[in-house]
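Spelled out, the chains give:
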Amino acid sequence: MSGNRKADARVRRTRDALGDALVALMTERPFESITVQHVLDRAGVGRSTFYVHYSGKDDLLSTDVDEFWSHMANRLSVTNERSDRVAPVRELFAHVAGMVEFLGALDAAGKRHEVTEAGRVHFAHAIEDRLARSGRGSHLPAVHREAMAHAQAGAIFSMLDWWLANGEPIPPAEVDDLFHRAFWSGVARQG
């Protein structure tokens, strides 16, 4: 059993190193000019190890993005947060505030929409799950919860675009509060 945990930890470290290397490289040069060898050199990982996990740099990026969004969107449930929050808006905005260079790299590579869409889908599923488990939202028909979750996930990313375009005019905690007040107001109207 402990052998599997050690192997899992090594795999996680390798995957993290590769993802971190790609992100760092994307802030330094255009995505299309980055080669797998650049990533390997930066991460200190061998070519055969890379290809055990990924088919190429695009696969590395999409897998890394998917894992990030899954972790971020499900953060409240994973940490067993016992609040009425349905999405970790504060945490997302705080994280993104430190990633402006990377967002610019995603824009330059033409990948920001793809990355944002993946996030929206993960957040919609996590919101739907939190809403179903909430005493305040479990009374809604499943199809209404699903529709509301998708709408609200879209609202989070729309708020994020507004927030970034306007120079982060309010703190992440305040954005979180605004989002959740609007969210629960909408749920109350459905009751």
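Just so you know, these numbers come straight off a predicted model, no measurement behind them. (Residues numbered from 1 in each chain as written. Predicted model: local features only at pLDDT ≥ 70, side-chain atom pairs only at ≥ 80, totals over all residues. Heavy atoms only, no water.)

Caption draft 1: Structural detail: the overall build of the chain. In terms of regular secondary structure, the chain is built from 10 helices and zero strands. When the helices and strands of the chain are read in sequence order from the N terminus, they spell out α-α-α-α-α-α-α-α-α-α. For the chain, the C-alpha atoms occupy an extent of roughly 55 × 45 × 25 Å along the three principal directions. Within the chain, the proportion of its 191 residues that are buried is 38%. A total of about 10200 Å² of accessible surface is found on the chain, and carbon and sulfur atoms cover 52% of it. (Helix = DSSP H or I, 4+ residues; strand = E, 2+ residues; numbered from the N terminus. Buried < 20%, exposed > 50% of the residue type's maximum accessible area, 1.4 Å probe, protein only. Areas by Shrake-Rupley, 256 points an atom, 1.4 Å probe, with all protein chains shown as cover.)

Caption draft 2: Region of the structure containing the nonpolar core. Of all hydrophobic cores here, the largest spans 51 residues; its most connected members are Leu 18, Met 26, Leu 92, Phe 123 and Ile 156. Residue assignment for this core shows that the elements contributing at least two residues are helix H1 (2-26), helix H2 (36-43), helix H4 (57-73), helix H6 (89-97), helix H7 (100-109), helix H8 (112-133), helix H9 (142-165) and helix H10 (172-190). Here this core takes eight residues from H9, the largest share from any one element. (Core = buried A, V, L, I, M, F, W, Y, C linked by side-chain atoms within 4.5 Å.)

Caption draft 3: A look at H4. The end-to-end C-alpha separation of H4 is 24 Å, in line with the 24 Å expected for 17 residues at 1.5 Å each. Among all positions in H4, only Lys 57, Leu 60, Leu 61, Thr 63, Val 65, Trp 69, Met 72 and Ala 73 are buried. (Expected span 1.5 Å × (residues − 1).)

Caption draft 4: Up close: the packing of H8 against H9. Remark: H8 packs on H9, axes separated minimally by 8 Å, with the N-to-C direction vectors making an angle of 135°. Overall, the two elements H8 and H9 adopt an arrangement that is oblique. For the pair H8 and H9, the sense of crossing is right-handed. Residues Arg 112, Thr 116, Gly 119, Arg 120, Phe 123, Ala 124, Ile 127, Glu 128, Leu 131 and Ala 132 of H8 form the contact with H9, whose participating residues are Ala 142, Arg 145, Glu 146, Ala 149, His 150, Gln 152, Ala 153, Gly 154, Ile 156, Phe 157, Asp 161 and Leu 164. Taken together, the residues that form the contact of H8 with H9 break down as 11 nonpolar, five polar and six charged. (Axes fitted to C-alpha atoms, helices over the stretch in contact; angles between N-to-C directions. Parallel < 35°, antiparallel > 145°, perpendicular 65-115°, else oblique. Left-handed = near helix turned anticlockwise from the far one by under 90°. Contact = heavy atoms within 4.5 Å. Nonpolar A, V, L, I, M, F, W, Y, C, P; charged D, E, K, R; others polar.)

Caption draft 5: Seen up close, the packing of aromatic side chains. One pass over the structure, following the stated rule, counts nine aromatic pairs. Summarising the aromatic geometry, the rings of Phe 50 and Tyr 54 are spaced 5.5 Å apart at their centres and angled 45° between planes, so their arrangement reads as tilted. Judged by relative accessible area, which is 0%, Phe 50 ranks as buried. Given a relative accessible area of 3%, Tyr 54 falls into the buried group. An aromatic cluster is present here, built from Phe 68, Trp 69, Phe 123 and Phe 157 joined pairwise through their rings. Between the NZ or CZ atom of Lys 57 and the centre of the ring of Phe 31, over which it lies, the distance is 4.4 Å. (Phe/Tyr/Trp six-rings, centres within 6.5 Å; stacked < 30°, edge-to-face > 60°. Lys NZ or Arg CZ within 6 Å of the ring centre and 35° of its normal.)

Caption draft 6: Spatial organisation of the pattern of salt bridges. Applying the stated rule across the entire model yields 14 salt bridges. Between Arg 12 and Glu 67 there is a salt bridge, with the nearest N and O atoms lying 3.0 Å from each other. Here Glu 67 lies in helix H4 and Arg 12 lies in helix H1, a separation of 55 residues in the sequence. Look at Glu 67 and you get partly exposed, because its relative accessible area is 27%. The salt bridge involving Glu 117 is made with Arg 120; its shortest N-O contact spans 2.6 Å. Residue Glu 117 and its partner Arg 120 are both found in helix H8; the two are separated by three residues, about one turn of the helix. If you follow the salt bridges from partner to partner, you end up with Glu 81, Arg 85, Arg 90, Glu 91 and Asp 176 in one network. (Salt bridge = Lys/Arg side-chain N within 4 Å of Asp/Glu carboxyl O.)

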